[in-house]
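Here's the letter readout for the chains.
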Amino acid sequence: MLVADNWKDYEVIDCSAGEKLERWGDYILVRPDPQVIWNTPKTLKGWKRPNAHYHRSNKGGGEWEFFDLPEEWEINYPLAAGELTFRLKPFSFKHTGLFPEQAVNWDWFSGLISDAKKADPSRQIKVLNLFAYTGGATVAAAKAGAAVTHVDASKGMTTWAKENAAASGLADAPIRYLVDDCVKFVEREIRRGNTYDGILMDPPSYGRGPKGETWKIESSVFPLIEKAVTLLSDDPLFFLVNSYTTGLAPSVMSYMISTALKRRGGHTEATEIGLRVTDNGLVLPCGASARWTP
Ligand SMILES: C[S@@+](CC[C@H](N)C(=O)[O-])C[C@H]1O[C@@H](n2cnc3c(N)ncnc32)[C@H](O)[C@@H]1O
């Protein structure tokens, strides 16, 4: 299990009975988490007086209850290549605009990019980030010196990613933001003959492209992996697939990547990722990542 232990501005304080108690900078949130099937006493004061609480409704979805929370606030992440700043806003489906557990991947691929830049400072490193959301991975790769192509179906998320880049001092960095369906984009890049040194994807379980294209991870992810690996350059750095879909085991993800990259050899490792619970030192599982390096 890879644990995102470098955060200073974020922590899972406790978790019980389908919920997690979190600190996001100076603010305490209570949000649902389907992984939390245990029921331990909620004695910590944060449970009783959070700054906001997202209540899941049994009809799906849910709503926020605000006590004392700004509409927006910022937190920082100490990436080795330089500090990242993220803008947070409570919005639909309990989201805040960031998946803190992804820091384990930000640290990993930004280290590979930094090493490659050190080895050849004149080398231009191209990274493709699919299902890129608010750009956590995009700003990490750009901070390490890569030129990033950021693809997501949502215009709102892409605007938010630009805000995170600006907040992280990357407003002028070589980042291409595209509002597009990831499958269609990859197919077009294959026709264009474009290649990338690093490719990452963090698809949702279920999603829709800008024109309603349906994404269902069980049936869509392997065909997309097979297509996306053909975009890897002749001197690739990494290929990464992350999923927080319950039931998509790390071994399934590594099987798919090893199959798709058989011709290239290399090394694939897959593992669960998680966040440490500061009240008891245990780890809250947050999905899985599979990583390939040449
Ligand atoms: C939850 S996010 C992924 C999290 C993100 N990788 C991160 O850690 O920052 C899933 C994203 O996939 C996007 N999405 C869903 N279906 C898509 C599709 N067919 N093509 C492109 N983006 C899609 C959604 O707009 C959403 O921003």
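A brief look at the structure comes next. (Residues numbered from 1 in each chain as written. Predicted model: local features only at pLDDT ≥ 70, side-chain atom pairs only at ≥ 80, totals over all residues. Heavy atoms only, no water.)

For the rest of this paragraph, the subject is the overall build of the chain. Assigned secondary structure in the chain consists of seven helices and 17 strands. Since a compact globule built from 294 residues should have a radius of gyration of about 19 Å, the 19 Å found for the chain is in line with a globular shape. Oriented by its inertia axes, the alpha-carbon framework of the chain measures out at about 55 × 40 × 40 Å. The buried share of the chain, taken over its 294 residues, is 52%. Positive and negative side-chain charges in the chain, numbering 34 and 36 respectively, have mean positions lying 4 Å apart. (Helix = DSSP H or I, 4+ residues; strand = E, 2+ residues; numbered from the N terminus. Rg over C-alpha atoms; globule rule 2.2 N^0.38 Å. Buried < 20%, exposed > 50% of the residue type's maximum accessible area, 1.4 Å probe, protein only. Lys, Arg positive; Asp, Glu negative; His and termini not counted. Charge placed at Lys NZ, Arg CZ, Asp CG, Glu CD.)

This brings us to the site of the ligand. Taken together, 17 residues lie around the ligand, and Asp 152, Asp 181, Cys 182, Asp 202 and Tyr 244 are the ones closest in. At 2.7 Å, a side-chain N or O of Asp 152 approaches an oxygen atom of the ligand. Protein contact buries 90% of the 610 Å² of open area that the ligand shows by itself. Within the shell around the ligand, the residues separate by chemical class into eight nonpolar, four polar and five charged. (Near = heavy atom within 4 Å. Polar contact = N/O pair within 3.5 Å; in protein donor to acceptor, adjacent residues only side chain to side chain. Areas by Shrake-Rupley, 256 points an atom, 1.4 Å probe, with all protein chains shown as cover. Nonpolar A, V, L, I, M, F, W, Y, C, P; charged D, E, K, R; others polar.)

The residue Ser 16 is located in strand S2 (residues 10–16) in this model. Judged by relative accessible area, which is 0%, Ser 16 ranks as buried. Residue contacts for Ser 16: discarding those within four places in its chain leaves Val 36, Trp 38, Asn 39, Thr 40, Lys 42 and Trp 47. (Contact = heavy atoms within 4.5 Å.)

This next bit is on the sheet that holds strand S15 (residues 238–243). Strand order across the open sheet formed by eight strands is S1-S16-S17-S15-S12-S9-S10-S11, with mixed pairing between neighbours. Unpaired on one side and paired on the other, strand S1 (2–3) and strand S11 (175–179) mark the two borders of the sheet. The pairing of S15 with strand S17 (residues 283–293) spans five bridges and is classified as antiparallel. From the neighbouring strand, Val 241 faces S17, where its bridge partner is Ala 290. (Pairing = 2+ DSSP bridges.)

What follows deals with the pairing of S15. One face of the sheet, then the other: side chains in a regular strand alternate in exactly this way. Taken across its six residues, S15 has six buried, putting it largely inside the fold. Residue alternation in S15 divides its side chains into two sets, Phe 238, Leu 240 and Asn 242 and Phe 239, Val 241 and Ser 243, and both sets are buried. Where strand S12 (residues 198–201) meets S15, four bridges bridge the pair, whose relative direction is parallel. Note on S15: the bridge partner recorded for Ile 199 is Phe 239.

Let us look at unusual backbone geometry. Not every positive phi belongs to a glycine, and Phe 131 is a case in point at roughly 55°. If you check the backbone angles, Tyr 133 has positive phi at about 55° while not being a glycine. Along the chain, Tyr 133 falls in the loop between strand S9 (126–130) and helix H3 (136–143).

Summarising the sheet, strand S10 (residues 147–152) and S11 pair through five bridges and their orientation is parallel. In the strand pairing of S11, Asp 152 is matched with Val 179. As a crossover connection, the stretch from S10 through helix H4 (residues 155–167) into S11 is right-handed. (Right-handed = clockwise from strand over helix to strand, strands pointing away.)

Our next topic: the packing of helix H5 (residues 182–192) against helix H6 (residues 217–228). It is the contact of H5 with H6, at a shortest axis distance of 10 Å, that shows an interaxial angle of 25°. In terms of orientation, H5 and H6 fall into the roughly parallel class. Remark: the crossing between H5 and H6 carries left-handed chirality. Residue-level inspection shows Cys 182, Val 183, Val 186, Glu 187 and Ile 190 of H5 in contact with H6, the latter providing Leu 224, Lys 227 and Ala 228. When grouped by side-chain class, the residues that make up the contact of H5 with H6 number six nonpolar, no polar and two charged. (Axes fitted to C-alpha atoms, helices over the stretch in contact; angles between N-to-C directions. Parallel < 35°, antiparallel > 145°, perpendicular 65-115°, else oblique. Left-handed = near helix turned anticlockwise from the far one by under 90°.)

Counting 50 residues, the largest nonpolar core has Trp 7, Trp 106, Phe 109 and Ile 113 as its most contacted members. The biggest single contributor to this core is helix H2 (residues 103–119), with seven residues. If near-sequence neighbours (up to four positions away) are discounted, Trp 106 is found in contact with Trp 7, Tyr 77, Leu 79, Leu 84, Phe 86, Leu 98, Phe 99, Gly 136, Ala 137 and Ala 140. The next biggest cluster of nonpolar side chains, apart from the first, holds 29 residues, and it includes Leu 128, Leu 130, Trp 215 and Ala 288. (Core = buried A, V, L, I, M, F, W, Y, C linked by side-chain atoms within 4.5 Å.)

The next subject is the pattern of salt bridges. What the rule picks out here adds up to 17 salt bridges. Among the ionic pairs, Glu 11 bridges to Arg 23, the shortest N-O distance being 2.6 Å. Here Glu 11, found in strand S2, pairs with Arg 23, found in strand S3 (residues 19–24); they are 12 residues apart in sequence, far enough to count as distant. Measuring nitrogen to oxygen at the nearest pair gives 3.7 Å for the salt bridge that ties Arg 87 to Glu 72. Of this pair, Arg 87 sits in strand S8 (residues 84–88) while Glu 72 is found in the loop between strand S6 (62–66) and strand S7 (73–77), placing the two residues 15 residues apart along the sequence. Taking the relative accessible area as the measure of exposure, Arg 87 reaches 25% and is therefore partly exposed. (Salt bridge = Lys/Arg side-chain N within 4 Å of Asp/Glu carboxyl O.)

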